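Chain by chain, the residues:
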Amino acid sequence: MKNRRITIGIIGIIILGIILFVLNLFVGSVMVPFEDIFKVLLKVNDDNTLSVIIFNYRLPQALTALLAGAALAVAGLLMQTLFRNPLADPSMLGISSGASLGVGIVILLTGAISGAAVSSFGWWSTIGVSLAAFIGAVLVLFVMLAFSSRMKNMTTLIIIGLMIAYLAGSITDILKFFSLKEDIHAFVIWGMGSFSGVGTSKMTVFAISIIIGLIATFFLSKNLNILLLGEMYAENLGLNIRKNSVVIILVSGYLTAIVTAYCGPIAFVGLAMPHIARFLFKSSDHRLLIPATMLIGMDMALFCNLIARMPGFDGNLPINAVTAFIGAPVVISVIMKSKK
Amino acid sequence: MLVSCGEKSNDTKNKSCAENDNLMQYTSYIDVMHYKSGYYVNISNPWNEKSLGEYYLYPDSLDLPDELENKSVIRTPVKNVVAYSSTQWSVFLEIGEIDRVKGILESDYTDNVEIKRLLAEKKIEDVGIETSLKTEIVINLHPDVILYTPYSTVPKTEIGELTGAVMFPFADYLENHPLGRAEWLKVIGFLTCREDDTNQWFNDIVSRYESLKTLCENADKRPTVFSDLPFEGQWYLPGGASYIAQIFHDAGADYIWSDNNSTASLPVDAETVLSKARNADFWRVMNSTNHKFSYEGLAVENELYTYFKAYKDRNILVCDIRESGYFEKSEYEPDVLLKDFVYAFHPEMLDNEDYTPKYFYRLKDEK
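Residues numbered from 1 in each chain as written. Chains lettered and ligands numbered in written order. Predicted model: local features only at pLDDT ≥ 70, side-chain atom pairs only at ≥ 80, totals over all residues.

1. A closer look at the overall build of chain B
No. 1: Each helix and strand in chain B was counted, giving 14 helices and 19 strands.
No. 2: Computed over its C-alpha atoms, the radius of gyration of chain B comes to 22 Å, within 12% of the 21 Å expected for a compact globule of 367 residues.
No. 3: Burial analysis of chain B (367 residues in total) assigns 47% to the buried set.
No. 4: Put simply, 56% of the contacts in chain B that link residues at least 6 apart link residues at least 24 apart. (Helix = DSSP H or I, 4+ residues; strand = E, 2+ residues; numbered from the N terminus. Rg over C-alpha atoms; globule rule 2.2 N^0.38 Å. Buried ≥ 20, exposed ≤ 12 C-beta atoms within 10 Å, placed from the backbone. Contact = placed C-beta atoms within 7 Å.)

2. Some remarks on the overall build of chain A
No. 1: The number of helices and strands found in chain A is 14 helices and zero strands.
No. 2: Sequence-ordered secondary structure for chain A, helices as α and strands as β, is α-α-α-α-α-α-α-α-α-α-α-α-α-α.
No. 3: Taking all 340 residues of chain A together, 50% fall into the buried category.

3. Digging into the sheet that holds strand β7 (residues 125-126) of chain B
All names here are of chain B.
No. 1: Read from one edge to the other, the open sheet built from five strands follows the order β7-β6-β5-β10-β11, with strand pairing classed as parallel. Both edges of this open sheet fall to β7 and β11 (166-169), since each of them pairs with a single strand only.
No. 2: In this structure, strand β6 (residues 101-104) lies alongside β7, joined through two bridges in parallel fashion. Paired with G103 across the strands is E125, a residue of β7.
No. 3: Helix α1 (residues 86-94) contacts β5 (81-83), β6 and β10 (145-148) of the sheet and is inclined by roughly 155 degrees relative to β6. (Pairing = 2+ DSSP bridges. Axes fitted to C-alpha atoms, helices over the stretch in contact; angles between N-to-C directions.)

4. Focus: helix α14 (residues 334-345) of chain B
In an α-helix there are 3.6 residues to a turn, and that puts residues three or four apart on one side.
All names here are of chain B.
No. 1: Taking 1.5 Å per residue as the helical rise, α14 with its 12 residues ought to reach 16 Å, and the 16 Å between its terminal C-alpha atoms agrees with that figure.
No. 2: Counting buried positions over the 12 residues of α14 gives 11, a clear majority of the element.
No. 3: Buried within α14 we find P334, D335, L337, L338, K339, D340, F341, V342, Y343, A344 and F345.
No. 4: Tucked inside the fold, the buried residues of α14 contact α5 (178-183), α7 (195-217), α8 (243-250), β17 (282-287), β18 (316-320) and β19 (360-362). (Expected span 1.5 Å × (residues − 1).)

5. Comments concerning the pairing of β18 of chain B
All names here are of chain B.
No. 1: Burial within β18 is extensive, with four of its five residues counted as buried.
No. 2: Across five bridges, the pairing between β17 and β18 is parallel. Bridge pairing links V285 to V318 in β18.
No. 3: Sheet analysis places β18 next to β19, joined by three bridges and oriented antiparallel. If you follow L317 over to β19, its bridge partner there is R362.

6. Description of the environment of E328 of chain B
All names here are of chain B.
No. 1: Position of E328 relative to the elements: it lies in helix α13 (residues 326-329).
No. 2: Spatially, the C-alpha atoms of E328 and T110 are 8.1 Å apart, while their sequence positions differ by 218 residues.
No. 3: Not counting the four nearest positions on each side in its chain, E328 is found in contact with S86, S90, T110 and N112.

7. Quick look at the sheet that holds strand β15 (residues 254-255) of chain B
Sheet strands pair by backbone hydrogen bonding; their relative direction is either parallel or antiparallel.
Residues and elements named next belong to chain B.
No. 1: In spatial order, the strands read β15-β12-β17-β18-β19; together these five strands make up an open sheet with mixed pairing. Edge positions in the sheet fall to β15 and β19, since each of these pairs with one other strand and no more.
No. 2: The strands touched by α14 are β17, β18 and β19; relative to β19, the strand with the most contacts, the crossing angle is about 15 degrees.

8. Some points on the nonpolar core
No. 1: Ranked by size, the top nonpolar core spans 113 residues in total, and within it L57, V145, L147, F248, F282, W283 and F341 of chain B carry the most contacts.
No. 2: In terms of residues, this core owes the most to one element, α14 of chain B, which gives seven residues.
No. 3: Listed in part, the 88 residues of the second largest apolar core include L67, V74, V140 and I276 of chain A. (Core = buried A, V, L, I, M, F, W, Y, C linked by C-beta atoms within 7 Å.)

9. A look at the environment of E130 of chain B
Residues and elements named next belong to chain B.
No. 1: Position of E130 among the secondary structure elements: in the loop between β8 (128-129) and β9 (132-133).
No. 2: Distance from E130 to L105, taken between C-alpha atoms, is 7.1 Å for residues 25 residues apart in sequence.
No. 3: Not counting chain neighbours up to four residues away, the residues in contact with E130 comprise Y84 and L105.

10. Some thoughts on the confidence of the model for chain B
As a general rule, the predicted coordinates of low-pLDDT regions are not to be interpreted in detail.
All names here are of chain B.
No. 1: Looking at chain B as a whole, the pLDDT averages 88, with 92% of positions reaching at least 70.
No. 2: Mean pLDDT values over the elements of chain B span from 78, in β9, up to 97, in helix α6 (residues 185-192).
No. 3: Every residue in residues 1-19 is under pLDDT 50, and counting partners more than four places away or in other chains gives 16 contacts.
No. 4: Among the prediction metrics, the complex's ipTM stands at 0.73, with pTM recorded as 0.80. (pLDDT = per-residue confidence, 0-100.)

11. Looking at the pairing of β6 of chain B
Note on strand geometry: in a regular strand, side chains alternate between the two faces of the sheet.
Residues and elements named next belong to chain B.
No. 1: Pairing geometry for β5 and β6, over three bridges, is parallel. What sits directly across from A83, in β6, is I104.
No. 2: Considered for its hand, the β-α-β crossover made up of β5, α1 and β6 is right-handed.
No. 3: As for the winding sense of the linkage, the β-α-β connection from β6 through helix α2 (residues 113-120) to β7 is right-handed. (Right-handed = clockwise from strand over helix to strand, strands pointing away.)

12. So, unusual backbone geometry
Most peptide bonds adopt trans geometry, and most residues besides glycine take a negative phi value.
Residue and element names in this part refer to chain B.
No. 1: The peptide bond linking T76 to P77 adopts the cis configuration, its omega dihedral lying at -5 degrees.
No. 2: In this structure, P77 sits in the loop between β4 (73-76) and β5.
No. 3: Phi at K36 is positive, roughly 50 degrees, even though this residue is not glycine.
No. 4: Its location among the elements puts K36 in the loop between β1 (30-35) and β2 (38-44).
No. 5: Taking the number of C-beta atoms within 10 Å as the measure of exposure, K36 has 14 and is therefore partly exposed.
No. 6: Although it is not a glycine, K122 adopts a positive phi angle of roughly 65 degrees.
No. 7: Note that K122 resides in the loop between α2 and β7.

13. Observations concerning helix α6 (residues 154-177) of chain A
No. 1: Helix length check: α6 of chain A (24 residues) gives 35 Å between terminal C-alpha atoms against 34 Å at 1.5 Å per residue, within 8%.
No. 2: When α6 of chain A is considered as a whole, its buried residues turn out to be L157, G161, I164, A165, A168 and T172 of chain A.

14. Quick word on the packing of helix α3 (residues 49-83) of chain A against helix α8 (residues 199-218) of chain A
Residues and elements named next belong to chain A.
No. 1: It is at 10 Å that the axes of α3 and α8 come closest, and there the two elements cross at 25 degrees. One finds that α3 runs roughly parallel with respect to α8. Where α3 crosses over α8, the handedness of that crossing is left-handed. In this structure, α3 contributes N56, P60, L63, T64, L67, A70, A71, V74 and L78 to the contact, and α8 contributes G199, T200, M203, F206, A207, I210, G213, L214 and T217.
No. 2: Looking at the contact of α3 with α8 residue by residue, the class counts come to 12 nonpolar, six polar and no charged. (Parallel < 35°, antiparallel > 145°, perpendicular 65-115°, else oblique. Left-handed = near helix turned anticlockwise from the far one by under 90°. Nonpolar A, V, L, I, M, F, W, Y, C, P; charged D, E, K, R; others polar.)

15. As for the environment of I226 of chain A
All names here are of chain A.
No. 1: Mapped onto the elements, I226 comes out in helix α9 (residues 221-227).
No. 2: Overall, the presence of 20 C-beta atoms within 10 Å leaves I226 in the buried class.
No. 3: Residues I226 and N153, spaced 73 residues apart in sequence, show a C-alpha to C-alpha distance of 17 Å.
No. 4: With residues near it in sequence (within four places) discarded, I226 still touches A234, L237 and L239.

Here you go:
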């Protein structure tokens, strides 16, 4: 009975994902007339603007959403299991704050963008901002790894992670205070997150980096299951707690760093998706939870990307606003139902 | 009485008044009129109907009329000025009155050699940036006038009260006509009693601008143009009623978003820009970095760019903001700005083919 329920659930999520993916390709600010959809699909043609919009703009954006959603959701699951805390998410390690600080230093401190409207630094943002975010995230990740290899107590580690986040945040605030409004505006926009930054040119690198991280999580499922039994028990079973937590933090941090570097700090997906997975499948087995969380993360990111680019609206809504707006009610309803 | 002269309509610039003619022709947010031996200045608030401030400029050498006792009075020529923006101090510099400027903001962001020298010699103080003004240094400069940049948020009057200086809003950047923006240079003339020179300066700008504009009105074909680069998937396009849209129009081109009547920038999704502007002839881009743009570099940044006709035809017009001093200088050279675009859009109109653009140049192919 249970197996059937799981199979149906997984298939349902995959079908929903496919529908959302297709909708992502055909719905956006520019209307694609229904009869043109097949024309475009049958003949990929650079001279056709619709074809360029679908294949060169919407497709990479949908793929980015798909990969980023999966990565953040599973990174959140790892954190929640490791810290045995349902509120844990990738930002708990201070990684997003590290990325923000990196970007803050580049945008605000160097003033490389000073005096210009936001619109005018697209060129520079490509390499500079992603690289700065990645360096900031990885530096914090190494600090956390150094602490985690010395410490067994997970609560202490959470506190250290939060403190590092506050530290990075306060330096960012000081930078903001002394910056020009144009630069602050640019920084704020980066902080709202976007799935459109990857594009076709950087898709290969982004996709490979994320997929490597996603595959790595599958090898962790057994150890994660043992962790759920409690540290004492896990140690008795021969699990090296410190080594294990270093590996989990490394994988989760790596995924978060890559996504943040390319898409900005995207909140909420990492926190909320594991809860939905646990509720839907009534399971705590990571062999199931890991793929389920990834798939749900994909669906949610695709759905949010769709909402953000609603037709009839020329601009994009910031992804971060949409993820929380859509995600928060979902989590509340899931929790209410499961506690009944 | 006098205030009634300030009535205005934004589209027609003929602000007639029986007794006192407005001395400003092209501006929307400032009126200047003669008042006895001085001037009456009214600066309007772009965000609501209220006035942003009324000021009387009165020569220091004359006794102040009694009725002005309780008004905002600036005695001219001004002695100690704190200037928020480079568009203010650059006029002082140009007319040789820079010694009246004692403090400036955001001095790190200027490349002006003369200003850098004055800062090094401590003849001009850096007084911080707008969000964190070095209040004590400003007080110590004993300014009589602080030229500030008004924003939609309520301007800080605190610094005015602390220093006793008159806070004078310089709303130049809000003007949506290139000549309206340039005309603010005359305000510095009124403040320094150099109005004859600044009026002459401005009239020369107008005649050069208008003659270029007239040339382009007769153009056989008007190329289409769009603007800017996206950031995080969003294109911030200049509104159809903005400053740059007006220059495009006057340079004999059709701006793709000219139907839009906004003066502010519009956030537009990249795919909308692609579908509307794909076949535009020209693409105007601002470069705020210290690196030069190239077609290859742009393609690496975003592959979508390569589908635009302007990209394929190598018709991207770039302004290197820092190198050209765009924000400092272009405001008072709208005629030069216009000529750069005319040179790109209608080279046949300019007989001298070896014109070198000052701000916007056509990005050349490296290959």
